[in-house]
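For reference, the chains in residue letters:
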Amino acid sequence: MGKKQVMGATNFKRGGNPLMIFDFIYNMSSDGRSFRKDCDYIHSVADNVIDNRKKILESGQKDEKKHLDSLDILLSAKDENGIGMSNTDIRAEVDTFMFEGHDTTTSAISWILYDLAKHPEYQKLCQNEVDKALENNPGFVKWEDLGKFYVLTRCIKEGMRLHSPVPLVARQSTKEIIDGTTFPPELFSVSIYMVSITTLLSGQIR
Ligand code: HEM
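Residues numbered from 1 in each chain as written. Predicted model: local features only at pLDDT ≥ 70, side-chain atom pairs only at ≥ 80, totals over all residues. Heavy atoms only, no water.

Trainee: Can you tell me about the overall build of the chain, naming the residues and giving the values?
Mentor: Helix and strand content of the chain: 8 helices and 4 strands. In the chain, the order of α-helices and β-strands from amino to carboxyl end is α-α-α-α-α-α-α-β-β-β-β-α. Scaling as 2.2 N^0.38, a compact globule of 206 residues should have a C-alpha radius of gyration of about 17 Å, whereas the chain reaches 23 Å, well beyond that. Counting only C-alpha atoms and orienting by the principal axes, one finds that the chain spans roughly 55 × 50 × 40 Å. (Helix = DSSP H or I, 4+ residues; strand = E, 2+ residues; numbered from the N terminus. Rg over C-alpha atoms; globule rule 2.2 N^0.38 Å.)

Right under this line is the structure:
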């Protein structure tokens, strides 16, 4: 497991122990200490990436990159008073993208490959489809090829339905009423996994 996965698992474990809600207790535990150490390491990696890029942009050095990426956008963003983002703010955005981007896609790809391995007949259909789409351009998938992957797209969606990469989303309500039902202003969670199962059971998907 990479550091980010370990941190995700450690953080999840923290949620199972009510005592660990308190930072001062958690910080003294062995999980808390290793979480902090991993966090510092990951921050230093992100800080390095940001500093290097900042130096290149500030020096006006010739750029070999073809595209403006999200870090460049963050580094050049200015508010209405012409003030840019601080390194800590940029790092928070970079961390969010790195976490959101790697955890979800790794989980989705792994489970989709698992499902395809369990259903070789669909794996074959996907393989034929990809081979056909790429017969004139082997090894390269272009943006316009994506629309040709009819079965593959459905297998990807079904894989994510069966094993939701983000199984739960949470919202803090600010009003007491949602759709005519009274709730206290509370933290709600919606189980994406259960929604996909109940939709299937209620016959809305066939
Ligand atoms: C299979 C892949 C992915 C899945 C299933 C997925 C799923 C989700 C879901 C369900 C949310 C909404 C969470 C909520 O509203 O509470 C979300 C938000 C977000 N995702 Fe993804 N995501 C995926 C890939 C990515 C990638 C590759 C990136 C970035 C490189 C990314 C960046 C984000 C960010 C920044 C947000 C927060 C958006 C906001 O609230 O303004 N995600 N994602």
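After that view, the rundown keeps rolling.
Trainee: Pulling in residues and values, what's your account of the site of the ligand?
Mentor: Taken together, Phe 97, Glu 100, Gly 101, Thr 104, Ala 108, Met 160, Pro 165, Val 166, Val 169 and Arg 171 make up the full set of residues adjacent to the ligand. At 3.3 Å from a nitrogen atom of the ligand is found a side-chain nitrogen or oxygen belonging to Glu 100. A distance of 2.7 Å separates an oxygen atom of the ligand from a polar side-chain atom of Arg 171. Broken down by secondary-structure element, the contributors of at least two residues to the shell around the ligand are helix 5 (87-118) and strand 1 (168-172). The element best represented in the shell around the ligand is helix 5, accounting for 5 residues. Partitioning the shell around the ligand into residue classes produces 6 nonpolar, 2 polar and 2 charged. (Near = heavy atom within 4 Å. Polar contact = N/O pair within 3.5 Å; in protein donor to acceptor, adjacent residues only side chain to side chain. Nonpolar A, V, L, I, M, F, W, Y, C, P; charged D, E, K, R; others polar.)

Trainee: Quick one: what's the story with helix 7 (residues 150-162), residue by residue and with numbers?
Mentor: Here helix 7 spans 19 Å end to end across 13 residues, near enough to the 18 Å set by a 1.5 Å rise per residue. All of the buried residues in helix 7 are Leu 152, Cys 155, Gly 159 and Arg 161. (Expected span 1.5 Å × (residues − 1). Buried < 20%, exposed > 50% of the residue type's maximum accessible area, 1.4 Å probe, protein only.)

Trainee: If you had to explain the state of the cysteines to someone new, which residues and values would you point to?
Mentor: One pass over the structure, following the stated rule, counts 0 disulfides. The thiol of Cys 155 is not disulfide-bonded; the next cysteine sulfur, from Cys 126, is found 3.8 Å away. (Disulfide = S-S within 2.5 Å.)

Trainee: Report on helix 5, specifying residues and quantitative values.
Mentor: For helix 5, which comprises 32 residues, the first-to-last C-alpha distance of 46 Å matches the rise-based estimate of 46 Å (1.5 Å per residue) to within 8%. Burial in helix 5 covers these residues: Ile 90, Arg 91, Val 94, Asp 95, Ala 108, Ile 112, Asp 115 and Leu 116. Where helix 5 is buried, its residues touch helix 1 (3-14), helix 3 (30-59), helix 4 (70-76), helix 6 (120-133) and helix 7. (Contact = heavy atoms within 4.5 Å.)

Trainee: Let's hear about the pattern of salt bridges: which residues, and what values?
Mentor: When the charged atoms of two side chains lie near each other, side chains of opposite charge can form a pair. All told, the structure shown has 7 salt bridges when counted by the stated rule. Linking Arg 36 and Asp 40 is a salt bridge whose minimum nitrogen-to-oxygen distance equals 3.6 Å. Note that Arg 36 and Asp 40 are positioned in helix 3 at a spacing of 4 residues, about one turn of the helix. Judged by its relative accessible area of 42%, Asp 40 is partly exposed. The residue Asp 47 makes a salt bridge to Arg 91 at a minimum N-O spacing of 3.2 Å. Taken together, the residues span a long stretch of sequence, with Asp 47 in helix 3 and Arg 91 in helix 5 at a distance of 44 residues. By relative accessible area, Arg 91 is classed as buried at 16%. (Salt bridge = Lys/Arg side-chain N within 4 Å of Asp/Glu carboxyl O.)

In short, the description is geometric, and any link to function would need to be established separately.
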